[in-house]
Amino acid sequence: MNPIVEVKDLSIGFRSFAGKKIVIDHLSFAIQKKQVFGLVGESGSGKSVTGLSIMGLIPQPGGYRESGDIFVEGESIFAMSSKERASIRGKKIAMIFQEPMTSLNPVMRIGPQICEVLKIHEHLKKKESKDRVLELLQEVGIPDEKKVFNYFPHQLSGGMRQRVMIAMALSCRPSLLIADEPTTALDVTIQAQILELMQRLVRESGISILFITHDLGVISEMADEVAVMYCGQIIESGVSQEILRNPMHPYTKGLIEARPGNYSPESGYRAIKGSVPEDFSTLNGCRFAQRCQHAMEKCFHSLPPVSQMDTRYLRCFLYKE
Amino acid sequence: MKNDILSPRALAWKKLLRNKLAIFGGVLLLFLVLSSLLAPWIAPYSVNEIDLFNIESPPGVDHLLGTDDLGRDVFSRLLYGGRVSMTVGLLASASQILLGTLAGAIAGYYGGWTDSIIMRLVDIIMCFPFFILSICVAALLGPSMRNIIIIIAVIYWTNVARIVRAEVLSLKKREFIDAARAFGLSGWEIILQHIIPNVMASVTVYATLAIANGILTEASLSFLGLGVKPDIPSWGNMLSAAQSMRVLTRQWWLWIPPGVLVLLTVLSINFLGDGIRDALDPKLKV
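Residues numbered from 1 in each chain as written. Chains lettered and ligands numbered in written order. Predicted model: local features only at pLDDT ≥ 70, side-chain atom pairs only at ≥ 80, totals over all residues.

Draft legend 1. Focus on the overall build of chain A. Across its full length, chain A holds 10 helices and 12 strands. Taken over C-alpha atoms, the radius of gyration comes to 21 Å for chain A, in line with the 20 Å a tight globule of 321 residues would show. Taken over 321 residues, chain A has a buried fraction of 43%. The contacts of chain A with a sequence gap of at least 6 include a subset with a gap of at least 24, amounting to 62%. (Helix = DSSP H or I, 4+ residues; strand = E, 2+ residues; numbered from the N terminus. Rg over C-alpha atoms; globule rule 2.2 N^0.38 Å. Buried ≥ 20, exposed ≤ 12 C-beta atoms within 10 Å, placed from the backbone. Contact = placed C-beta atoms within 7 Å.)

Now the structure itself:
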């Protein structure tokens, strides 16, 4: 079966006055139909840039593709014209964002805002698109959808706004939904509702989701497969339950150890020591070597290659026999 | 959550209606606009009707505000003159808003070279002294109402462009613009659907003040003889009579009424504009 989206050896860099900086470094992964693919990592590890790049929206100014390619349903998005790329956005791939408070236009009513997407991609008449939008609002669990249709964004709560965003994202029945930390800005009970909604969508409409988050709890609940990112590289990836239960890379281990649930009054949080290196594109060795307890001499000099163990991909010298 | 849905526009209306000074300005303006619109029915004489028996006569029963040096009725000419002044104000304001908003939105949204070219053009135009430029244009194109409007629009759109650009710069970093791009909207669709509606608040305020400014500019240019043709009455044209010392000292009815009308119109527009600004400012709760 062909994957919906395939990222092959992708490198993305930024040009600035200070010179070039690589933020995504030879990234490869594939998302299958009906799959929830989790992308975890701390801030600045390149998760969001990866998500935007799949839509062909490398952040400007300065962002550029250093190497590699992204295939959406078999077609390279970098080979497309910008018009073709725009026609994929919202139609084949849709995206929802972290801040539901700011991702809706404050001066446009909810209904017309969703209708606009339908107008662009499906060329629906006003009446048809209104019916469709009401249907969508109902589908994402908004009560009293006829009223909400005429609401302005400020009249809705964060959770409701995120539902509206999801409705908007689903409006053209895309095959992939990129969810960039969709629950980070919401409180826990609303988080659970939104996650449940997304799971239901995968079950019922067969959509795939690229789930970007730094919350491992959410990953274990949602994702079939997970890739752990650190400094622009995937350092470990595979079936999510396996990785969470039996992490192998010292960084993944550290992340799981560092969960707030492991807090104890005596030892505090078990945080990973040190911080993310400022400019990692100049490092020769493993990106995590400076913070790694198991670091060996060679970790500082050469980059560990990706090795495969069963269903798992790993970038670490510890397990290379 | 309230049951009746107040759009931002309805909220602004409510706030505006509570502002007494703005209401005063609005009513006064409405009165002035109506009186010049209805000039053909109100005015006792036609614009260029000459009463040779009453040349330079002071205000009286026959001529409410007296007559000028050709025996034309000042009151009637004032009513008609309002039409020219207000048309110039309105059209000049509308065209500079149109030009400035588009240029500012394009410069701010696209950035880079587009931004540099547009904003340097703005800088250059802002460097020209207004009167020298308008005297040149009026000399080349000849004085007429259309040319005044063009001159004002071409010179003043730069202010709007700067205001709009500054707002767009902060607006385009907002997530809903990213979201719009992620939903496949093109640059133009984003500018027209998402950016421009969001800058309309400040543009509306500027537009009202630009009308006042347009009326003043028309008056100044006409005063200097660079505005509308002398046979067409406009407040500025009528004011230019005061260039003669005799009129200034002895025939007050020729220049005080148009001066007062310019003052009242501009003042009422400014009151209204201030009211609109307060009403559209979400930080100001009334």
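Draft legend 2. Main features of the overall build of chain B. Helix and strand counts for chain B come out as 12 helices and 0 strands. Mapped from its N terminus to its C terminus, chain B presents α and β elements in the order α-α-α-α-α-α-α-α-α-α-α-α. Its C-alpha atoms give chain B principal-axis dimensions of roughly 75 × 50 × 30 Å. Residues classed as buried in chain B amount to 41% of the 286 residues present. Nonlocal contacts in chain B, meaning residues at least 24 apart in sequence, comprise 70% of its contacts between residues at least 6 apart.

Draft legend 3. Structural view of the pairing of strand 2 (residues 19-31) of chain A. All names here are of chain A. The sheet contact formed by strand 1 (residues 5-16) and strand 2 spans 9 bridges and is antiparallel. Bridging across to strand 2, Val7 finds its partner in Phe29. Following strand 1, the chain reverses through 2 residues before pairing antiparallel with strand 2. (Pairing = 2+ DSSP bridges.)

Draft legend 4. A look at the pairing of strand 3 (residues 36-40) of chain A. Residue and element names in this part refer to chain A. Taken across its 5 residues, strand 3 has 5 buried, putting it largely inside the fold. The pairing of strand 3 with strand 8 (residues 208-213) spans 5 bridges and is parallel. Of the residues in strand 8, the one forming a bridge with Gly38 is Phe211. In the sheet, strand 3 pairs with strand 9 (residues 225-230) via 4 bridges, with the strands oriented parallel. Its bridge partner lying in strand 9, Val40 is registered against Val228.

Draft legend 5. How the structure looks around the interface of chain B and chain A. The interface is formed by 19 residues belonging to chain B together with 26 residues belonging to chain A. Counting residues per element, the side of chain B that touches chain A draws most heavily on helix 8 (residues 175-182) of chain B, which supplies 6 residues.

Draft legend 6. Molecular detail of the nonpolar core. Judged by nonpolar contacts, the single largest core of 157 residues is most densely connected at A:Leu210 and A:Phe211. Non-local contacts of A:Leu210, meaning those with residues more than four positions away in its chain, are made with A:Ile31, A:Phe37, A:Leu39, A:Gly51, A:Leu176, A:Ile178 and A:Ala179. (Core = buried A, V, L, I, M, F, W, Y, C linked by C-beta atoms within 7 Å.)

Draft legend 7. Here's a closer look at the packing of helix 3 (residues 110-122) of chain A against helix 4 (residues 126-139) of chain A. Residue and element names in this part refer to chain A. The interhelical angle for the contact between helix 3 and helix 4, taken along N-to-C directions, is 115°, at an axis separation of 9 Å. Taken as a pair, helix 3 and helix 4 cross one another with a handedness that is right-handed. Between helix 3 and helix 4, the residues in contact are Gly111, Ile114, Cys115, Leu118 and Lys119 and Ser129, Lys130, Arg132, Val133 and Leu136, respectively. Classifying every residue of the contact of helix 3 with helix 4 by side-chain character gives 5 nonpolar, 2 polar and 3 charged. (Axes fitted to C-alpha atoms, helices over the stretch in contact; angles between N-to-C directions. Left-handed = near helix turned anticlockwise from the far one by under 90°. Nonpolar A, V, L, I, M, F, W, Y, C, P; charged D, E, K, R; others polar.)

Draft legend 8. Structural detail: the sheet that holds strand 5 (residues 75-76) of chain A. Reading across from one edge, 2-1-4-5 (chain A) is the order of the 4 strands in this open sheet, with antiparallel pairing throughout. At either end of the open sheet lies a strand with only one pairing partner, and these are strand 2 and strand 5 of chain A.

Draft legend 9. A look at helix 8 of chain B. Taken across its 8 residues, helix 8 of chain B has 6 buried, putting it largely inside the fold. Taken together, the buried positions of helix 8 of chain B are occupied by B:Phe176, B:Ile177, B:Ala179, B:Ala180, B:Arg181 and B:Ala182. Packed against the buried residues of helix 8 of chain B are strand 6 (93-96) of chain A together with helix 7 (145-171) and helix 9 (187-223) of chain B. Looking one or two residues beyond helix 8 of chain B, the residue adopting positive phi is B:Gly184, at roughly 90°.

Draft legend 10. Quick peek at the environment of B:Gly89. Residue and element names in this part refer to chain B. Looking at the secondary structure, you find Gly89 in helix 4 (residues 74-110). On the neighbour-count criterion, Gly89 (26 C-beta atoms within 10 Å) is buried. Once residues lying within four places of it in the same chain are set aside, the contact partners of Gly89 are Ile211, Ala212, Gly214, Ile215 and Glu218.

Draft legend 11. Structural detail: the sheet that holds strand 11 (residues 307-309) of chain A. Residue and element names in this part refer to chain A. Taken in spatial order, the 8 strands of this open sheet run 6-7-8-3-9-10-12-11, and their pairing is mixed. Across the chains shown, the open sheet's two edge strands, defined by having one partner strand only, are strand 6 and strand 11. The mean inter-strand angle of the sheet, taken between neighbouring strand axes irrespective of direction, is 20°.

Draft legend 12. Focus on the confidence of the model for chain B. Residues and elements named next belong to chain B. Mean pLDDT over chain B stands at 86; residues scoring 70 or higher make up 96%. Taken element by element, the predicted model of chain B shows its lowest mean pLDDT in helix 1 (residues 8-17) (81) and its highest in helix 5 (residues 112-127) (93). Among the scores for the predicted complex, ipTM is 0.80 and pTM is 0.79. (pLDDT = per-residue confidence, 0-100.)

Draft legend 13. Examining the environment of B:Ala241 more closely. Residue and element names in this part refer to chain B. On the secondary structure map, Ala241 appears in the loop between helix 10 (235-239) and helix 11 (245-250). With 18 C-beta atoms counted inside 10 Å, the residue Ala241 sits in the partly exposed group. C-alpha separation for the pair Ala241 and Leu32, spaced 209 residues apart in sequence, amounts to 22 Å. Apart from the residues within four sequence positions on either side, Ala241 is in contact with Asp68, Val247, Leu254 and Trp255.

Draft legend 14. The arrangement of unusual backbone geometry in detail. All names here are of chain A. One non-glycine residue, Asp144, lies in the positive phi region at around 60°. Of note, Asp144 is situated in the loop between helix 4 and helix 5 (145-148). Non-glycine residue Cys231 carries a positive phi angle of around 50°. Cys231 sits in the buried class, given 24 other C-beta atoms within 10 Å.

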